[in-house]
Every structure is written in structure tokens, then in C-alpha cells.
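Listed below, chain by chain, are the residues.
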Amino acid sequence: MNDKRKELIVSAISNGTVIDHIPSENVFKVIKILGLDKTGKQVYFGTNLDSKKYGKKGIIKISDTYFAIEEINKIALVAPSATLIEIRDYEVTRKTNVSIPARIEKIVKCFNPNCITNKEEVSTKFSVIYDENGLMKLSCHYCEKNTSKDNLIFI
Ligand code: CTP
Ligand code: ZN
């Protein structure tokens, strides 16, 4: 199969956003984080597609929708390799890589069961920190406990 045919597995869009190079297993998490399960726009997605760079990848396309970079950066927790692509009149007009934001609010639970955010109606708030091994952790604004990448639960 040639490259052209591989690309056409998920059809081209006229206007909107393509999120490419998502780890296949996290496509559904990205859909949830961005609230795409609730949009009235057309959403297309694919998982386990062939990719030259990553072996297998996931992709999501949303018609007639553009995202602020702060909003899209939330997906960096589950898709640090993702590329945000804006399409206008079938042409690629912008391509940016996502980056992990300094703060994360509301989308992830605090790992500490005794944290106020797990006992009362308080939204979570974290700073993104890195331990001595360079591993990302979320430091809770309220209880100061760290939630590691392996313990992320999306709200
Ligand atoms: N795309 C789309 N609709 C369009 C134009 C592009 O859905 N009207 C999608 C393509 O399918 C591709 C992505 O947007 O997944 C980026 O397009 P392009 O830059 O043309 O692709 P590549 O050169 O393959 O990008 P890369 O090498 O970064 O993967
Ligand atoms: Zn906490």
C-alpha cells in the first residue's frame, strides 16, 4: 500500500483541527479531555494507524473547531508527542507541537484519598514538577502530595 492510500484511511477535512501522532492507547482519553464526546461538530478518529515515526499512532480530526494552545496542552499529559494541525480550506495553515503546561486544573484527580478535592466539591489544582529522574509529577495545590504519571485518573 502506498503512502497516499494510508493517509486516506481517515478522510481529509475542509476546515478544523487535526491532532496527529497520539499514542493509540490514549486516543479515547484525548477525546474525553477535550470534551469531544459532547461536541456537535463532526469528529473522526483512528487508532493503530501506521506511522513512519512512531510505528503505530492515533489521530483525531474535528471539523469547524480550533483550540487555544492552553486548552490543547492539557492533552500533553497523555499525548506528549502530539501535533496540533489547523486546516483552512483543505490546506494545513498551522502546525504546533503540544507542550506540558506548568499548571493543570480540574482534569485530573489527586492521588491522596484524604485530599480536600476528594472529600468536598473543590476542583483540583496542580503544579507540574519533575523528580530527580526527570519523571513528571503533579504536585497538589491543597495537600502538597504528588501524583505520578502512572497514577493519573482523569475526571
Ligand atoms: N489533513 C487533513 N485534512 C486536510 C489536510 C491534512 O485531515 N485537508 C491531515 C493529514 O491527513 C495529516 C495531517 O493533517 O494527518 C497533516 O497533514 P500534512 O502536513 O499534509 O501531512 P504529513 O506531511 O504526513 O505530516 P507529518 O509528516 O507531520 O506526519
Ligand atoms: Zn491533593
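See above for the structure.
Everything in this summary refers to the structure shown in the same document. (Residues numbered from 1 in each chain as written. Chains lettered and ligands numbered in written order. Predicted model: local features only at pLDDT ≥ 70, side-chain atom pairs only at ≥ 80, totals over all residues. Heavy atoms only, no water.)

**Notes on the packing of aromatic side chains**
Moving on, step 1. Tallying each qualifying case throughout the model produces one aromatic pair.
Moving on, step 2. With a centroid separation of 5.3 Å and 75° between ring planes, the pair formed by Phe-28 and Phe-45 is classed as edge-to-face. Of this pair, Phe-28 sits in helix α2 (residues 27-33) while Phe-45 sits in strand β2 (residues 43-51), and the two are 17 residues apart along the sequence.
Moving on, step 3. Since its relative accessible area comes to 53%, Phe-28 is described here as exposed. (Phe/Tyr/Trp six-rings, centres within 6.5 Å; stacked < 30°, edge-to-face > 60°. Helix = DSSP H or I, 4+ residues; strand = E, 2+ residues; numbered from the N terminus. Buried < 20%, exposed > 50% of the residue type's maximum accessible area, 1.4 Å probe, protein only.)

**Some points on unusual backbone geometry**
Note: most peptide bonds trans; most residues except glycine with negative phi.
Moving on, step 1. One non-glycine residue, His-21, lies in positive phi territory at about 60°.
Moving on, step 2. Tracing the backbone shows His-21 in strand β1 (residues 16-22).
Moving on, step 3. Notably, Tyr-90 is not glycine yet its phi reads approximately 70°, a positive angle.
Moving on, step 4. Tracing the backbone through its elements, the reader meets Tyr-90 in the loop between β4 (83-88) and β5 (91-97).
Moving on, step 5. Look at Tyr-90 and you get exposed, because its relative accessible area is 56%.

**Some remarks on the site of ligand 1**
Moving on, step 1. The local shell around ligand 1 holds 13 residues, among which Ile-13, His-21, Lys-61, Tyr-90 and Lys-95 are the closest.
Moving on, step 2. With respect to ligand 1, the backbone of Tyr-90 contributes an N or O atom lying 2.9 Å from a nitrogen atom.
Moving on, step 3. Within the side chain of Lys-95, one N or O atom sits 2.8 Å away from an oxygen atom of ligand 1.
Moving on, step 4. Every element with two or more residues in the shell around ligand 1 is listed here: β1, β3 (55-63), β4 and β5.
Moving on, step 5. With three residues, β1 is the largest single contributor of residues to the shell around ligand 1.
Moving on, step 6. For the shell around ligand 1, the residue count by class is eight nonpolar, one polar and four charged. (Near = heavy atom within 4 Å. Polar contact = N/O pair within 3.5 Å; in protein donor to acceptor, adjacent residues only side chain to side chain. Nonpolar A, V, L, I, M, F, W, Y, C, P; charged D, E, K, R; others polar.)

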